[in-house]
Amino acid sequence: MDPPRGIGTFVVWDYVVFAGMLLISAAIGIYYAFAGGGQQTSKDFLMGGRRMTAVPVALSLTASFMSAVTVLGTPTEVYRFGAIFSIFAITYFFVVAISAEVFLPVFYKLGITSTYEYLELRFNKCVRLCGTVLFIVQTILYTGIVIYAPALALNQVTGFDLWGAVVATGVVCTFYCTLGGLKAVIWTDVFQIGIMVAGFASVIIQAVVIQGGISTILNDSYNGGRLNFWNFDPNPLQRHTFWTIIIGGTFTWTSIYGVNQSQVQRYISCKSRFQAKMSLYINLLGLWAILVCSVLCGLALYSRYHDCDPWTAKKVSAPDQLMPYLVLDILQDFPGLPGLFVACAYSGTLSTVSSSINALAAVTVEDLIKPHFRSLSERSLSWISQGMSVLFGVLCIGMAALASLMGALLQAALSIFGMIGGPLLGLFALGILVPFANSIGAIVGLMAGFAVSLWVGIGAQLYPPLPERTMPLILETYGCNSTHNVTDWVTTTEMPFSTSTFQVHSVERTPLMDNWYSLSYLYFSTLGTLVTVFMGMLISLPTGGRKQNLDRRFLLTKEDFLSNFDIFKKKEHILSYKSHPVEDGGTDNPAFNHIELNFPDQSGKMSGTYL
């Protein structure tokens, strides 16, 4: 095992590799702007013309899940709290199964572009507007962070120009989203997932070589208590246990995979329902692969620095800088490879940001523009969609600039993602699974769920849980031969979501802080969902929920599940024109406008949407 030397710096080749990644991403956008006749209609632009197949969509779903927060954050998480994080593998399976069997069938058979259209069909315009506004706020907040956080971490370790990186990624993203629409977003994601895997692989392979084999890494991790896979403590206040990860994690991620426009828009752009479901199940393999890579990187990080933690020894100023620090340490003899890792972190950023920009454009056009300007032609809508992509790209770069001023709010806003996602998931679950839920119940449920999850989420930011709740593992510095040598044993008690300027330290701890505000952050979403569903059901019953006359297409039915087996029958199911009655959805809703489907030919068959 080589002793650690001083870490390397960025060289010309690293910048070349990084610039290459940005250029290829931009080139894919240019290609799809003109390929196949370009983006003629808003449906081409926002939905890829609903002609996508399972594999590219699956890779794209995996890529947009993998933001730079994952690339830099997950290995650090394993380094500080141990490999219990790998239980998320089970969580991902539940998330994908629920998304594919509960939410996808309903969204797909209705042929909608924006998931919030469903809320108007099932409830009313007001519920749809609430959902749309919450989504737009949540996504712009989150996207600004996704652009800024990795730029800051990489800037402080590698000296990579901070604003150059923020503006370059923002501009390239906006460029290919605006030119190429959803097709460009999906195919750049496919390229970027390749870069991410290459970046992770280079770190893992070199770490194994330097540390003298995978067995050394596992031994160091075992001796340092990092292989703590099982913790069945049912206490909801412990940050990560088997139960918080399985239950809380499933709710948190289903709010992203099941109902978040950025993800749903991809799988409903598939050409058949079978392809859409396949894309989700193939994406599960991608999620598992990324998880294994992140956990291995975290264990390698620990093995390398188990006797000299760079964070406690003040060599890096924040935990998310540990991963770039490791890269410059072990890859300094290979010009271009540190650049590959930076490209890997930024590919995560690009894929998340591009899917957000495309989803924001879709939601704005479908929910806020189309219902009020019905006379617009498809060509105009396509231009408006492109204009919206530019506008949201600029807004997200602006949000990144704002994030830099309120550094401490970064992680707070990241939890807000969970706080808003939970009540929205509850709202959709109410519509799809509860036949007697009505619009009054939906609104009250959403407000109640939102209030409760904001209360606990903001409380946890102000009064972070004590270390016995988060259980960080010991980090040691006895092996550091530097002047910074602190004490031999240092346990760090900083929260993973540190918002230090907001933490109120000198306060007597009350039972409210020690119990309610110490709830595991994974349960924020769970709480929001359950309160929304429970209150929605409670209010719908006395306000006439059982009397409403409901179209069965808005609910999950037994036929939706049985249709999984249609693949074994010879006949292909084609949506008949009659399944879109004009009186029912009314032409006021563009999603159900009969012009949306091609008119039947003489045989009465449709050449419209395939199921």
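Residues numbered from 1 in each chain as written. Predicted model: local features only at pLDDT ≥ 70, side-chain atom pairs only at ≥ 80, totals over all residues. Heavy atoms only, no water.

- An unreviewed UniProt entry annotates the chain as Sodium-coupled monocarboxylate transporter 1 originating from Enhydra lutris kenyoni.
- Heading Subcellular location (unreviewed entry) of the UniProt record for the chain holds this comment: "Apical cell membrane".
- The Sequence similarities (unreviewed entry) comment attached to the chain in UniProt states, word for word, "Belongs to the sodium:solute symporter (SSF) (TC 2.A.21) family." (UniProt positions renumbered as here; feature names shortened; annotations may be inferred.)

## Some thoughts on the state of the cysteines
Consideration 1: Evaluation of the coordinates by the stated rule reveals 1 disulfide.
Consideration 2: Distance from the sulfur of C173, which forms no disulfide, to the nearest cysteine sulfur (C177) is 5.6 Å.
Consideration 3: In this structure C344 is a free cysteine whose sulfur lies 8.2 Å from that of C297, the closest cysteine sulfur available.
Consideration 4: For C344, a relative accessible area of 0% gives the class buried. (Disulfide = S-S within 2.5 Å. Buried < 20%, exposed > 50% of the residue type's maximum accessible area, 1.4 Å probe, protein only.)

## Brief notes about the pattern of salt bridges
Consideration 1: A full pass over the atoms with the stated rule returns 14 salt bridges.
Consideration 2: Between D367 and R128 there is a salt bridge, with its nearest N and O atoms 2.6 Å apart. Taken as a pair, D367 in helix α14 (residues 337-369) and R128 in helix α7 (residues 125-158) lie far apart in primary sequence, 239 residues in all. The exposure classification of D367 matches that of R128, with both residues buried. (Salt bridge = Lys/Arg side-chain N within 4 Å of Asp/Glu carboxyl O. Helix = DSSP H or I, 4+ residues; strand = E, 2+ residues; numbered from the N terminus.)

## What to know about the environment of V55
Consideration 1: Mapped onto the secondary structure, V55 falls in helix α3 (residues 54-65).
Consideration 2: With relative accessibility at 46%, the residue V55 sits in the partly exposed group.
Consideration 3: Residues V55 and V190, spaced 135 residues apart in sequence, show a C-alpha to C-alpha distance of 9.3 Å.

## Considering the nonpolar core
Consideration 1: Ranked by internal contacts, the top residues of the largest apolar core, which has 151 residues, are Y118, V203 and Y346.
Consideration 2: A per-element tally of this core places helix α8 (residues 162-211) first, with 18 residues.
Consideration 3: With residues near it in sequence (within four places) discarded, Y118 still touches V106, F107, L110, I112, F428, G431, I432 and F554. (Core = buried A, V, L, I, M, F, W, Y, C linked by side-chain atoms within 4.5 Å. Contact = heavy atoms within 4.5 Å.)

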